[in-house]
Amino acid sequence: MITSETLAKLFPLERDIPAEHRLAAPIQQRTWLVNGQLGTWNGTCKTVLSPVCVRSSGNELKQLEIGSYPVMGETQSDEALDAAVAAYDNGRGEWPTMPVADRIDCMQDFVKQMMAQRRAVTQLIMWEIGKSLSDSEKEFDRTVDYIKQTLSALKDLDNNSSRFTVVEGTIGQIRRTPLGVVLCMGPYNYPLNETFATLIPALLMGNTVVFKPPQYGTLLFTPLLEAFRSAFPEGVINTVYAPGAVVVPRMLASGKVNVLALIGSSKVADHLKKQHPKSHRLRAILGLDAKNAAIVLPDADIELTVKECLLGTLSFNGQRCTALKMLIVHETIADLFLRRFTEELANLKVGMPWEKGVTITPLPGLHRTAYMTDAIEDARAKGARVVNEGGGAFAMTLFYPAVVYPVREGMKLYREEQFGPIIPVMPFTNVEDALEYVVTSDHGQQVSVFGSDPAQIGALVDPLVNQVCRVNINCQCQRGPDVFPFAGRKDSAEGTLSVTDALRSFSIRSMVAAKQTEASENLLDAIVVEHKSKFINTRFIF
Ligand code: G3H
């Protein structure tokens, strides 16, 4: 039986934390990277509490202190932004004009150094956000793969541009060029992967960057600062450790930011975009809210559906933008589905992130368990119930998943993105009602459809692909493989990310054109042969 008492006992005494998973010492992060220098911060710092609590011998629980990081202000964010602006130098800086092959070399140097920090970074992901060790390692490895794939895609992109095209008497060479200064901010749930999914392509395309780590998931970048410093020219990447509300609107209002790369909430993105004085000069690459639904048809394979829906709703405690956040199940199979789903849920291991096979781990703070409890209370007050034993029980940051049924319009869980271990289930009679839920949603990232009738699935896919950007058939929603386009409609995203799309998102095509005359041909030929331009060249990168 799961209760808050049994959950509390899953937190360890400090001395019982396995030695191999302990941090050698709290990370008192004081360095920041600006203009190629690792400065030392002597001002105010913020204490970092892990989602993991420790029990005292008197059975009191408190979140473990794992370090601290600087709380900077406007002066430092101005400094970081000015360093990025100077390094870009209106497109004349060393980095934006560097040959692509040389930029690739710098990034390869960075990846090499990054890989040497695997253990330090994955340990910090685990301690800072409570992600299981195996998922933290997967996040790191996936990010390294992503960088390698991006490097290879960039070679292809550049090689395809390494020639002239002649059309209607005009000679042209078309290449992708950088946009300027990118302000890069990632989310806490995939602090490394999602941050690097924008930061790396932004850098590779010749932009300079100001990088603000997420509120939870800051320390894990500490082991990478030296790699950033040494792999790239000064000012190309700069860090800011400051409350977003204090420094980010200011950076945008300065008009010096050309690209806002934010994985976060649509409310924040809306506010930030409005601060920029030149609205169409700012490009926004945004990964925002989502409330992905699963539509379970009467002929769905129940075992497969349960398995995928468990993964979809509860991987990393439901803290994925792609998580399934509403299950819409045909009324004729709702009872069977709920029975099998709750049986399988009961087999999931709850515990500390370093434990083998663990699925449910602590949430980043007490405000998250408070939100989950409030959302369940709201649904209960409006006629739903928690149908799994122990669902909604919690101890400090550890929250046992709750299956809430039947969820209806008017309940918070109907529309709000819970971003945590609550599984709202809604029955439907007519497939049009399920479709209507997706159509009337403010979100438009993905949907899953479970069923086996080709006619029914086909008829559902057609309207759904015009509502969301990925329809998953008989599987959960997810971002990967990373070569596939990751996008969203409505309030869910702006721009498309994937290995190749991201390179395009952080660049613009620019071209050199000349009339096809002998004089032009001779001139262009001389520029190429004598290596007089980095843009006009036909070099092939192997
Ligand atoms: O939080 C959003 C992530 O990009 C989701 O990635 O679907 O691979 O877990 P994933």
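Before reading further, recall that the structure is shown in the block above.
Residues numbered from 1 in each chain as written. Predicted model: local features only at pLDDT ≥ 70, side-chain atom pairs only at ≥ 80, totals over all residues. Heavy atoms only, no water.

Caption draft 1: Here's a closer look at the site of the ligand. Around the ligand, a shell composed of Arg-142, Asn-189, Tyr-190, Glu-194, Arg-320, Cys-321, Thr-322, Gln-478 and Arg-479 is seen. The separation between an oxygen atom of the ligand and a polar side-chain atom of Glu-194 is 2.4 Å. Grouping the constituent residues of the shell around the ligand by class yields two nonpolar, three polar and four charged. (Near = heavy atom within 4 Å. Polar contact = N/O pair within 3.5 Å; in protein donor to acceptor, adjacent residues only side chain to side chain. Nonpolar A, V, L, I, M, F, W, Y, C, P; charged D, E, K, R; others polar.)

Caption draft 2: Region of interest: the packing of aromatic side chains. Evaluation of the coordinates by the stated rule reveals 15 aromatic pairs. On the basis of an interplanar angle of 90° and a centroid distance of 5.5 Å, the ring pair of Trp-95 and Phe-232 is categorised as edge-to-face. Of the two residues, Trp-95 is situated in the loop between helix H2 (74-88) and helix H3 (100-115) and Phe-232 in the loop between helix H7 (225-231) and strand S10 (237-239); the sequence distance between them amounts to 137 residues. A residue is classified by how much of its surface remains accessible, and Trp-95, at 1% relative accessible area, is buried. Since its relative accessible area comes to 5%, Phe-232 is described here as buried. Measuring from centroid to centroid gives 5.0 Å for Tyr-414 and Tyr-437, while their planes differ by 85°, and the two rings are edge-to-face. One end of the pair, Tyr-414, is in helix H13 (residues 412-415); the other, Tyr-437, is in helix H14 (residues 431-439), and 23 residues separate them in sequence. The class of Tyr-437 is buried, set by a relative accessible area of 2%. Here the aromatic residues Trp-95, Phe-110, Phe-196, Phe-211, Phe-221, Phe-228 and Phe-232 are joined through ring pairs into a cluster of three or more. The ring of Trp-95 has Arg-103 lying over it, and the distance from NZ or CZ to the ring centre is 6.0 Å. In this arrangement the basic side chain of Lys-131 is found over the ring face of Tyr-190, its NZ or CZ atom lying 3.8 Å from the centre. (Phe/Tyr/Trp six-rings, centres within 6.5 Å; stacked < 30°, edge-to-face > 60°. Helix = DSSP H or I, 4+ residues; strand = E, 2+ residues; numbered from the N terminus. Buried < 20%, exposed > 50% of the residue type's maximum accessible area, 1.4 Å probe, protein only. Lys NZ or Arg CZ within 6 Å of the ring centre and 35° of its normal.)

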